[in-house]
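Listed here are the chains, written in short residue letters.
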Amino acid sequence: LVHRAEILQLGGSWEDALEEARLAGQRFVETNSPTVGLALYREAELLRLRGELDRAEDVYRAASRAGWEPQPGLAQLRLAQGRVDVATAAIRRALVERSDPLRRAELLPAAVEIMLAAGDTGEAGAACDELGRVAERYSSAMLDAIVAYERGGVELAAGDATRALEHLRRALDAWRALEAPYEVARTRVLIGQACRALDDSDACTLELEAALADFVRLGALPDAARVEAL
C-alpha cells in the first residue's frame, strides 16, 4: 500500500495516493507493525506538497514518534515555512548520520535545494556532485532525472543559464518518460527562469503558464503560488 501510494504520487494521482497511505497506516496500526511510521511519512509528504503545512507537521511528528526518521520531508517543510536556518541544520544533521550511498541519495536532492535557498551554492554543488556519483554507480532513470534537475538548479543559481538549460532539458525529457507530472512542472519552472535570464520573455511565459496549470491540476498550491509570483 505504501509503495502504491508512492507510485500514485509520482503519477500525479495525489488524492488516491493519500488514501493509500492512510489505509496503510491503519493496517500497520492494526497489526502493531513498527513500520507505521513509513505510512505516516508518506501521508505527511503529500500534505506538505498540497500546502497543508500544519497537518503535515503533525503527521511528520507522528511518524517520528513511531520510530521513522522524518527527513528530508521535515526539513523541506521548514523551508516551505520560511525557516531556512532550521531546514539547513536539519538536513546537515541527517546527512551526517547516513553513510550508505543510497540512503544519502534520499536526502541529497533536498540538501541541494535547501542550500540554494540559503544562498550556499558551494555546498549545494557539492551535494549535487555526490548525488551524481551515486547515479553513476547505480543505474536508474529516476536518479538520472533527479541529478539533471538539481544540476540545472545549481547552474542557474551560479548564473550560467545556458548550461542550466542543457541539464534541465534533459531532466524534462526524463520526467516526461517517467510520466511524473509534478516533476515535469517543477522542471519547467526552472526552464522558464533560465529563459528569463537569457532575455527570452516569451519562452519564460510559456513555461511558467504550463507549470502553473499542472500545479493547479495536481493541487500543489504552494508551487502554484510561487509560479504566480514569478
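Residues numbered from 1 in each chain as written. Predicted model: local features only at pLDDT ≥ 70, side-chain atom pairs only at ≥ 80, totals over all residues. Heavy atoms only, no water.

Asker: Would you explain the overall build of the protein chain in this entry?
Answerer: Each helix and strand in the protein chain was counted, giving 14 helices and zero strands. Seen in sequence order, the protein chain has helices and strands lined up from the N terminus as α-α-α-α-α-α-α-α-α-α-α-α-α-α. Taken against the 2.2 N^0.38 rule, which gives 17 Å for 230 residues, the C-alpha radius of gyration of the protein chain at 17 Å falls within 12% of a compact globule. In terms of overall dimensions, the protein chain has a C-alpha envelope of 55 × 35 × 35 Å along the principal axes. (Helix = DSSP H or I, 4+ residues; strand = E, 2+ residues; numbered from the N terminus. Rg over C-alpha atoms; globule rule 2.2 N^0.38 Å.)

Asker: What exactly am I supposed to notice about the packing of aromatic side chains here?
Answerer: Geometrically, a pair of aromatic rings is defined through the distance of the ring centres and the angle of the planes. Under the defined criterion, the tally for this structure stands at three aromatic pairs. Taking the centre distance of 5.7 Å and the plane angle of 55° together, the rings of Tyr41 and Tyr60 count as tilted. Residue Tyr41 is found in helix 3 (residues 36–49), and its partner Tyr60 is found in helix 4 (residues 53–65); the two are separated by 19 residues along the sequence. Summarising the burial analysis for this pair, Tyr41 and Tyr60 share the class buried. Grouped by ring-pair contacts, the aromatic residues Trp14, Tyr182 and Phe215 constitute a single cluster. (Phe/Tyr/Trp six-rings, centres within 6.5 Å; stacked < 30°, edge-to-face > 60°. Buried < 20%, exposed > 50% of the residue type's maximum accessible area, 1.4 Å probe, protein only.)

Asker: Before we go on, may I ask you to explain the packing of helix 8 (residues 108–117) against helix 10 (residues 141–157) in this structure?
Answerer: Geometry of a packed helix pair, given as the angle between the helix axes and the separation of the axes. Interaxial distance between helix 8 and helix 10 falls to 10 Å at its minimum, and their mutual angle equals 15°. Classified by the angle between their axes, helix 8 and helix 10 sit roughly parallel to one another. Here the hand of the crossing between helix 8 and helix 10 comes out left-handed. Where helix 8 abuts helix 10, its residues Pro109, Val112, Glu113 and Leu116 lie against Ile146, Tyr149, Glu150, Gly153, Val154 and Ala157. (Axes fitted to C-alpha atoms, helices over the stretch in contact; angles between N-to-C directions. Parallel < 35°, antiparallel > 145°, perpendicular 65-115°, else oblique. Left-handed = near helix turned anticlockwise from the far one by under 90°. Contact = heavy atoms within 4.5 Å.)

Asker: Could you clarify how one ought to interpret the pattern of salt bridges in this entry?
Answerer: As a working rule, side chains carrying opposite charge can pair if their charged atoms are close by. Applying the stated criterion to the full structure yields 23 salt bridges. Across the pair Arg92 and Glu123 runs a salt bridge, and its minimum N-O distance is 2.7 Å. Of the two residues, Arg92 sits in helix 6 (residues 84–96) while Glu123 sits in helix 9 (residues 121–137), which places them 31 residues apart along the sequence. Using a relative accessible area of 37% as the deciding quantity, one classes Arg92 as partly exposed. (Salt bridge = Lys/Arg side-chain N within 4 Å of Asp/Glu carboxyl O.)

Asker: What is the right way to look at helix 9 in this model?
Answerer: Residues that lie three or four places apart on an α-helix share one face, since the helix turns once every 3.6 residues. Under the 1.5 Å per step criterion, the end-to-end length of helix 9 is 24 Å for 17 residues, consistent within 8% with the ideal 24 Å. What helix 9 keeps buried is the set Ala124, Gly125, Ala127, Cys128, Glu130, Leu131, Gly132, Val134 and Ala135. Along its buried surface, helix 9 packs onto helix 7 (101–105), helix 8 and helix 10. (Expected span 1.5 Å × (residues − 1).)

Asker: Can you walk me through helix 5 (residues 73–80) in this structure?
Answerer: With six of eight residues buried, helix 5 lies mostly within the body of the structure. Those residues of helix 5 lying buried are Gly73, Leu74, Ala75, Gln76, Leu77 and Arg78. Positive backbone phi, at 85°, marks Gly82, one or two positions downstream of helix 5.

Asker: Looking at this structure, I do not really get unusual backbone geometry. What am I missing?
Answerer: Trans peptide bonds make up the majority, and among non-glycine residues the majority have a negative phi. Cis geometry is adopted by the peptide bond preceding Pro72, which originates at Gln71 and carries an omega value of 10°. Here Pro72 shows up in the loop between helix 4 and helix 5. If you check the backbone angles, Asp199 has positive phi at about 70° while not being a glycine. Mapping Asp199 onto the fold places it in the loop between helix 12 (181–197) and helix 13 (201–218).

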